[in-house]
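So the chains spell out like this:
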Amino acid sequence: MRRLFPVTDETAAPGGRPGTSGGGRGGPGSGGGEDGGGREWSLAELAAAYAYPAAEAEAGAGPGPGEGREPWLRANMVSTLDGAAQHEGRSQPISCSADMRIFGTLRALADVVLVGAETVRQEGYRPARARAEFAAAREAAGQGPAPAVAVVSARLDLDFSLPLFASPLVPTLILTGSAAPPDRVAAAEAAGVRVVTAGEGAGVDPGRAVRALAERGYTRLLTEGGPRLLGQLVAAGVLDELCLTVSPMLTAGDAQRIAGGPSVTLPRRFTLKSMLEEDGFLFTRYARS
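Note that this is a predicted model, so its numbers are computed, not measured.

### Observations regarding the overall build of the protein chain
Scanning the protein chain for helices and strands turns up ten helices and ten strands. Out of the 289 residues belonging to the protein chain, those deemed buried represent 47%. Within the protein chain, contacts between residues separated by at least 24 positions form 67% of all contacts whose residues are at least 6 apart in sequence. For the protein chain, the accessible surface area stands at approximately 13,700 Å², while carbon and sulfur atoms represent 53% of it.

### Some points on the confidence of the model for the protein chain
Averaged over every residue, the pLDDT of the protein chain is 87; the share at 70 or more is 84%. With pLDDT under 50 throughout, residues 15–36 is counted as low confidence; its partners more than four residues away or in other chains account for 42 contacts. Below a pLDDT of 50 lies the segment residues 55–64, which in the model reaches 13 contacts outside its immediate sequence neighbourhood of four places, other chains included.

### What about empty space enclosed by the protein?
With the rule as written, the count across this model stands at two cavities of 30 Å³ or more. For the largest cavity, the calculated volume is near 50 Å³. Taken together, Leu 114, Val 152, Val 204, Pro 206, Ala 209, Leu 229, Gln 232 and Leu 233 make up the full set of residues lining the largest cavity. When residues of the lining of the largest cavity are traced back to their parent elements, those giving at least two are α9 (206–215) and α10 (227–236).

### Here's the deal with α9
Turning to α9, its buried residues are Pro 206, Gly 207, Ala 209, Val 210, Ala 212 and Leu 213. In the segment just after α9, Gly 217 is the residue with positive phi, at about 90°.

### What to know about the environment of Glu 215
Tracing the sequence through the fold places Glu 215 in helix α9. By relative accessible area, Glu 215 is classed as exposed at 67%. Separated by 144 residues in the primary sequence, Glu 215 and Pro 71 have C-alpha atoms spaced 9.5 Å apart.

### Observations regarding the layout of surface pockets
By volume, the largest pocket amounts to about 780 Å³. Along the walls of the largest pocket sit 33 residues, with Met 100, Phe 103, Arg 107, Tyr 125 and Glu 224 positioned nearest its centre. Counting residues per element, the ones that place at least two in the lining of the largest pocket are β2 (72–80), α4 (97–109), α5 (117–123) and α6 (132–140). For the lining of the largest pocket, a count of residues per class yields 15 nonpolar, nine polar and nine charged. By volume, the second largest pocket is sized at about 640 Å³. What lines the second largest pocket is a set of 25 residues, among which Val 234, Leu 239, Ala 259, Arg 268 and Phe 270 lie closest to the centre. Elements with a minimum of two residues in the lining of the second largest pocket: α10 and β10 (281–288). The leading source of residues in the lining of the second largest pocket is α10, at four residues. Residues of the lining of the second largest pocket, tallied by class, amount to 13 nonpolar, eight polar and four charged.

### Some points on the sheet that holds strand β8 (residues 241–247)
Reading across the sheet, the ten strands line up as β1-β9-β10-β8-β2-β7-β3-β4-β5-β6 and stay open at both edges, with mixed pairing between neighbours. Looking at the sheet topology across the chains shown, the edges are occupied by β1 (2–5) and β6 (194–197). Strand after strand, the sheet turns through a mean of 25° between neighbouring axes, direction not considered. α4 contacts β2, β3 (112–116), β7 (220–223), β8, β9 (270–278) and β10 of the sheet and is inclined by roughly 165° relative to β2.

### Focus on the pattern of salt bridges
Counted under the stated rule, the structure contains eleven salt bridges. As a salt-bridge pair, Arg 2 and Glu 277 come within 2.8 Å of each other at their nearest N and O atoms. Taken together, the residues Arg 2 in strand β1 and Glu 277 in strand β9 connect sequence positions 275 residues apart. On the basis of relative accessibility, which here comes to 26%, the residue Arg 2 falls in the partly exposed class. Residue Glu 277 is classed as buried on the basis of its relative accessible area, which comes to 13%. A salt bridge links Arg 74 to Glu 241, with the shortest nitrogen-to-oxygen separation between them at 3.0 Å. Here Glu 241 lies in strand β8 and Arg 74 lies in strand β2, a separation of 167 residues in the sequence.

Definitions and cut-offs
- Residues numbered from 1 in each chain as written.
- Predicted model: local features only at pLDDT ≥ 70, side-chain atom pairs only at ≥ 80, totals over all residues.
- Heavy atoms only, no water.
- Helix = DSSP H or I, 4+ residues; strand = E, 2+ residues; numbered from the N terminus.
- Buried < 20%, exposed > 50% of the residue type's maximum accessible area, 1.4 Å probe, protein only.
- Contact = heavy atoms within 4.5 Å.
- Areas by Shrake-Rupley, 256 points an atom, 1.4 Å probe, with all protein chains shown as cover.
- pLDDT = per-residue confidence, 0-100.
- 1 Å grid on protein atoms, 1.4 Å probe; cavity = no way out; pocket = protein on both sides within 12 Å on 5 of 7 lines; lining within 4 Å.
- Points joined across faces, edges and corners; volume = space filled by probe spheres on them.
- Nonpolar A, V, L, I, M, F, W, Y, C, P; charged D, E, K, R; others polar.
- Pairing = 2+ DSSP bridges.
- Axes fitted to C-alpha atoms, helices over the stretch in contact; angles between N-to-C directions.
- Salt bridge = Lys/Arg side-chain N within 4 Å of Asp/Glu carboxyl O.

Following this line, the structure appears as structure tokens:
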């Protein structure tokens, strides 16, 4: 993997020697190859490259869960060159091993993973797991052993016997509206799921959902979609960051884009913060301007 942006001595000049940039020997800014890359980054390097902004400012402060932090919502999505977010209903066929390492790293940095009910059903979501490689960092940041999963669902049309609900390491949450079917709410709570009302009527208000999670100490927020949920978050103006993997594939067809649903009145400008590359895949990180 190599860093393309921000530009360092080595990304700017082919043939740069490893260890000459500000990243230090073997760090995210160093090359390790003639093209300024060519080696697999460690999980610690990936975690440093994708650190939450508040975490960067508070490094070494040792805050408790959610203490003194504003919520920061980032999305992690993958798209082909022709804009498909899925192939035959799933994102895995357009992904790669490096993308999955970043996927796992982003989860390990988060307090909670926000996901839509349809994505839970299509992707076969399982509970987030504790990873020994991140245990010390999570403890130092005041986090639990693994992120919680928060499912956005109006009807709670979900199988509560699945591991995501029945046997998570951290209790799963469901964000729903005040008009959610009472019998489904009762079934969820009987399974040990924490049901959070985050909207009037049947739907969930994205701004209220973010606030509800922050009130429970979940301020490092990650959403993995799907496209309908991401579109709602974008339209509501609550998305702070997009981590987008650009897959060097073409699929044609009628697959969804990474975000769907309601349109914004004016396009929102995001600023490129970093770009990594491996095997033709681009791993970009944009933050709201």
